[in-house]
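Topology and contacts: notes
This is what each chain is made of:
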Amino acid sequence: MNEVKLKNSIKRITIFFVITSFLIFAFGIVASHSLTLVFKDTVSRQVKSQVQEYKTDINRKIQSSLQTLYILRSFFVSDEYINTETFQAGLYESNNQSNFIRMAYFDSEGLGIRVKTNGDIEKNINLDDINENAREVIAQAYNGENAISDVYYDSSLQQSVIAYAVPVKNGNEIKGVLAASQSVKILSCIMDRQSILSDEGIVMVVNSKGEVLSGSTKPLMENINNINDLTDISDEKKQEMLLSIADLKASNISITVNDSSYYAGIEPVNIRDWSIIVVDSDIGLNGSIYQNMNITRVTTIISLILAIICILYGYKQIKKNNNQLLKLAYYDSLTGAYNMEKFNMLLDDVWHKDDKKSAVVAINIRQFKFINEIFGSDMANKLLCHIKNLLDDNINENEFFCRENADLFFIFMHEDEPQKIIERINSLIHKINGIILEKHPKYPISIYSGVAFLSYCNDEREQLITRVMFALNRAKLNGKSNKIVFYDSELHKTEQLQNYIESHMNQALVDKEFKLFLQPKINLKNGDLYGAEALVRWITNDNKMIFPDQFIPLFEENGFCTKLDLYMVDEACKQLRNWIDKGYKPINIAVNQSKLLFYEEKYVEHLCYITQKHNIEPSLITIEILEGLALNNVNDINDKIARLKKYGFKISMDDFGSGYSSLNTLGNLDIDELKIDKNFLMIASETNGHRQKIIMGQIIALAKKMNMYTVVEGVETKENEQMIKELGCDFGQGYYYSRPINAKEFGEKYMKERKQNE
């Protein structure tokens, strides 16, 4: 009986191991297949990502060169000016200051001058005497187009180049063409930059015929002048690549070269008929994943021989995966710091121990988005890792920190004295400022910081992070670098005010607590009233004033500005109707409109409904928009502007010069009026503001050439008025004429007089 039991036990054990071996074998096959799919998908996505990055860099470089030429053309004037030594010297200097290797100007008769970098000036150049590729783009420019040539070999420069050309206009008349040549090496530099590509990887820009226009300078590229030169690729795959290039179609093609697997990513560059191709081996791109695949396959084979070892191996893998899951759950994948989940767990432990003599500090990098966009994500990520390492070295025992997202870090400090916290944060800021960005050693790293003490939150632990963030946001609003703000009674009042604003804003709109105030615009030629800007003031029913800087930023953040902006248009139209009914000659009223509202689908219809409701001509309403509205959507914005102007509305660009100002954006938008920010006037009025005054004058002159009225804000003195008159500005606005006043006072002061003058 015992023998039977033993045999049965052995049988059961054997069956167990057989089943286990089979399951492990099956698992190995599935895992191997899954890893293969993941591997291929990862490689495909990495190739696509690299192609997109190269495409973005090439477009940015080409457009930057075209933009440089576009800006330079504003300094070229009449045909007579071409023969002056000043013009020739200016053209020579412009070429030397840019990254072009040659520049030329051709007048309306096809004659011009040409300069090379640090070379002689060639005069009386005829279009028939230059390279046909250059003639092609110049011909396009004469037709009013900004043109880019294909890559071609210029025998006079003895190198391959790209040609650019833009029309030079006087008003709507084309007076000539400004052209430039640039070495094709600018593309090679982009394609030689460091990336995840392996040593076998190559990058090239080709035209629709498969001809290589430029490529990375790796040895693999030395003898490749055409896709047909890739002799190790099958004709079928080569034909597939050529079809994608000819059709300007994005594709990701798996190819085999000498029994090795490669991927070719193809993407049209959106410049002429160019496409960019990235070719790399799958092992080169993801050697670690490929190694894991082989390990899994070997493990599967071994599992058939030694089931127990495979089971133990599987246990170790599970344990490893659990550790990885734990890491994903509580650690930041980029820097290795704790994440917010772990930080809150540790903070809860401290809270339950009733250790309130502590504080939480939030730090944020000033203009981190700028660092990310201009210097690249790799540089930005390295900076975040540097900061994590600095925090590791500068926190005390039983203190901890985390990276919440992007550039936001939270630090728990065992400190309850503000001065000690300030000293520690300043020490940390000093060390962060000492971080040197590769290739940008002089770029200053600045920090915002918000602090909240645990003791200030009483038993409301959940509010702690909210209050730290509130303090951090106040530090950002200040605008100064390395600003530290503590959450205290004053900030508590501010927070209460913001809570009041958000909880009462809708009812305030119903109760008409938002009042229309007006600030006049004065015609600088005759001193007469030209129009007014509508400004909002929140006056509660118990006669308390909430100032715009207290509620406007919050409304822009929570989206309520869309309702308020339409309400202000309605109030402006209502006031115009009141004046017209009294027999006053109406004026134009400008109303600010937010980005969110301008993008609404029925925006134009809403405005038309309001003007029709009050029987007001749309031409009496000027829509003021900010320049940032059109930075990435010029075509969409111009479509919306065209619809508004079709019904008679006028369009003004507000606060030009308050931040990043693009002459390109100004040239592309079909607006009626340009409002120059008061900071321009403030700096230009200073003793050392000569340069700013020159820039301001040029902007006004450019606006006039584009048939735009100009308004300067912030006119506060007679000297301010005299200066903008001399610069040729059309209208002035500011406290020198009047502060913003309510509609009733405005009518008494300005509108009655208009009735008497009729």
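Heads up: these notes are all about the structure in this document. (Residues numbered from 1 in each chain as written. Predicted model: local features only at pLDDT ≥ 70, side-chain atom pairs only at ≥ 80, totals over all residues. Heavy atoms only, no water.)

With that out of the way, let us pick up the overall build of the chain. Along the chain, the regular secondary structure elements total 24 helices and 27 strands. Counting every position in the chain, which comprises 758 residues, the buried fraction comes to 47%. If you take every contact in the chain between residues at least 6 apart in sequence, the share linking residues at least 24 apart comes to 62%. As presented, the chain carries roughly 39600 Å² of accessible surface, and 50% of it is formed by carbon and sulfur atoms. (Helix = DSSP H or I, 4+ residues; strand = E, 2+ residues; numbered from the N terminus. Buried < 20%, exposed > 50% of the residue type's maximum accessible area, 1.4 Å probe, protein only. Contact = heavy atoms within 4.5 Å. Areas by Shrake-Rupley, 256 points an atom, 1.4 Å probe, with all protein chains shown as cover.)

Checked against the element boundaries, Met 413 lands in strand S15 (residues 408–413). Residue class for Met 413 comes out buried when judged on its relative accessible area of 4%. In this structure Met 413 touches Ser 358, Ala 359, Val 361, Glu 399, Ile 421, Arg 424 and Ile 425, once residues within four positions along its chain are discounted.

Moving on, we get to the sheet that holds strand S11 (residues 260–268). Overall, antiparallel pairing links the five strands, which are arranged S9-S8-S12-S11-S10 in an open sheet. Two strands close off the open sheet at either side, each with one partner strand: strand S9 (212–215) and strand S10 (251–257). The sheet shows a mean angle of 25 degrees between the axes of neighbouring strands, direction not considered. Where strand S8 (residues 202–206) lies against S9, three bridges are found, and the strand directions are antiparallel. Along S9, the bridge assignment pairs Val 205 with Ser 214. In the packing of helix H5 (residues 235–246) onto the sheet, contacts are made with S8, S10, S11 and strand S12 (275–281), and the angle to S10 comes to roughly 155 degrees. (Pairing = 2+ DSSP bridges. Axes fitted to C-alpha atoms, helices over the stretch in contact; angles between N-to-C directions.)

Further remarks concern helix H16 (residues 561–581). The end-to-end C-alpha separation of H16 is 30 Å, in line with the 30 Å expected for 21 residues at 1.5 Å each. Burial analysis of H16 places 16 of its 21 residues in the buried class, which makes it a mostly covered element. Backbone geometry just after H16 places Gly 583 at a positive phi near 90 degrees. (Expected span 1.5 Å × (residues − 1).)

With that settled, the discussion passes to the environment of Glu 713. With respect to the helices and strands, Glu 713 occurs in strand S25 (residues 709–713). By relative accessible area, which is 11% here, Glu 713 ends up buried. For the pair Glu 713 and Lys 675, spaced 38 residues apart in sequence, the C-alpha to C-alpha distance is 6.9 Å. Apart from residues lying up to four places away in sequence, Glu 713 is in contact with Glu 533, Asp 654, Asp 655, Lys 675, Ile 676, Asp 677, Lys 678, Leu 681 and Gln 733. One polar contact links Glu 713 to Lys 675, side chain to side chain, over a distance of 3.3 Å. (Polar contact = N/O pair within 3.5 Å; in protein donor to acceptor, adjacent residues only side chain to side chain.)

Here we take up the nonpolar core. Nonpolar side chains in soluble globular proteins tend to end up buried together. Ranked by internal contacts, the top residues of the largest apolar core, which has 79 residues, are Phe 514, Phe 555, Leu 564, Met 696 and Phe 746. If one sorts the elements of this core by residue count, H16 sits on top with ten residues. Every residue in contact with Leu 564, bar those within four places of it in the chain, is listed here: Leu 509, Phe 514, Val 536, Phe 551, Ile 552 and Phe 555. In this structure, Leu 72, Phe 100, Ile 162 and Tyr 164 belong to the second largest nonpolar core, which totals 34 residues. (Core = buried A, V, L, I, M, F, W, Y, C linked by side-chain atoms within 4.5 Å.)

Okay, the packing of aromatic side chains next. Counted according to the given criterion, the structure contains 22 aromatic pairs. Here Phe 453 and Phe 486 contribute two aromatic rings whose centre-to-centre distance is 5.9 Å and whose plane-to-plane angle is 20 degrees, an arrangement assigned as stacked. Residue Phe 453 is found in strand S16 (residues 447–453), and its partner Phe 486 is found in strand S17 (residues 483–486); the two are separated by 33 residues along the sequence. Phe 453 sits in the buried class, given a relative accessible area of 13%. Overall, Phe 486 belongs to the buried group, its relative accessible area being 16%. An aromatic cluster is built from Tyr 500, Phe 514, Trp 538, Phe 551, Phe 555 and Phe 560, whose rings are joined through pairwise contacts. Stacked on the ring of Phe 598, the Lys or Arg Lys 640 has its end atom at 5.5 Å from the ring centre. (Phe/Tyr/Trp six-rings, centres within 6.5 Å; stacked < 30°, edge-to-face > 60°. Lys NZ or Arg CZ within 6 Å of the ring centre and 35° of its normal.)

This part covers the sheet that holds strand S14 (residues 400–405). Strand pairing within a sheet occurs via backbone hydrogen bonds; the two strands may be parallel or antiparallel. Taken in spatial order, the five strands make up an open sheet running S14-S15-S13-S16-S17, and their pairing is mixed. With one partner strand each, in any of the chains shown, S14 and S17 form the two edges of the open sheet. Taking each pair of neighbouring strands and ignoring which way they run, the sheet shows an average axis angle of 20 degrees. Pairing analysis gives four bridges linking S16 to S17, with the strands arranged parallel. Opposite Gly 450, over in S17, you have Val 485 as the bridge partner. Running at roughly 155 degrees to S16, helix H12 (residues 418–433) makes contact with strand S13 (359–365), S15, S16 and S17 of the sheet.

Taken together, the buried positions of helix H23 (residues 718–726) are Asn 720, Glu 721, Met 723 and Ile 724. Projection of H23 onto a plane perpendicular to its axis shows the buried side chains occupying an angular sector of 165 degrees, all on one side. The exposed set on the far side of H23, more than 90 degrees from its buried face, consists of Glu 719 and Glu 726. Looking one or two residues beyond H23, the residue adopting positive phi is Gly 728, at roughly 90 degrees. (Arc of directions from axis to C-beta.)

A few words now on the pairing of strand S1 (residues 102–107). When you tally the buried positions in S1, you get six out of six residues, the bulk of the element. Taking every second residue as pointing to the same face, both faces of S1 are buried, with Arg 102, Ala 104 and Phe 106 on one and Met 103, Tyr 105 and Asp 107 on the other. The pairing of S1 with strand S7 (residues 173–183) spans six bridges and is antiparallel. Following the sheet pairing, Met 103 is matched in S7 by Ala 180. With five bridges connecting them, S1 and strand S2 (residues 111–116) associate as antiparallel partners. In the sheet register, Ala 104 faces S2, and the bridge partner there is Arg 114.

Where helix H10 (residues 368–375) meets helix H11 (residues 377–394), the closest approach of the two axes is 6 Å, and the angle between their N-to-C directions is 135 degrees. Between H10 and H11, the angle falls in the class oblique. Residues Phe 368, Ile 371, Asn 372 and Phe 375 of H10 lie in contact with H11, whose contacting residues are Ser 377, Met 379, Ala 380, Leu 383 and Leu 384. Class assignment for the residues of the contact of H10 with H11 results in seven nonpolar, two polar and no charged. (Parallel < 35°, antiparallel > 145°, perpendicular 65-115°, else oblique. Nonpolar A, V, L, I, M, F, W, Y, C, P; charged D, E, K, R; others polar.)

For the structure on display, the rule yields 27 salt bridges. For Lys 521, the salt bridge goes to Glu 673, with nearest N and O atoms at 3.1 Å. Taken as a pair, Lys 521 in strand S18 (residues 514–523) and Glu 673 in strand S24 (residues 673–676) lie far apart in primary sequence, 152 residues in all. We classify Lys 521 as buried; its relative accessible area is 1%. In this structure, the salt-bridge partner of Lys 675 is Glu 533, at a minimum N-O distance of 2.9 Å. Here Lys 675, found in strand S24, pairs with Glu 533, found in strand S19 (residues 529–539); they are 142 residues apart in sequence, far enough to count as distant. Given the relative accessible area of 0%, Lys 675 is considered buried. The network of salt bridges with common partners includes Lys 521, Glu 533, Glu 624, Glu 673, Lys 675 and Glu 713. (Salt bridge = Lys/Arg side-chain N within 4 Å of Asp/Glu carboxyl O.)

Turning our eyes to something else, we now look at the environment of Phe 551. If you trace the backbone, Phe 551 turns up in helix H15 (residues 548–558). Sequence-wise, Phe 551 and Ile 501 are 50 residues apart; in three dimensions their C-alpha atoms are separated by 6.8 Å.

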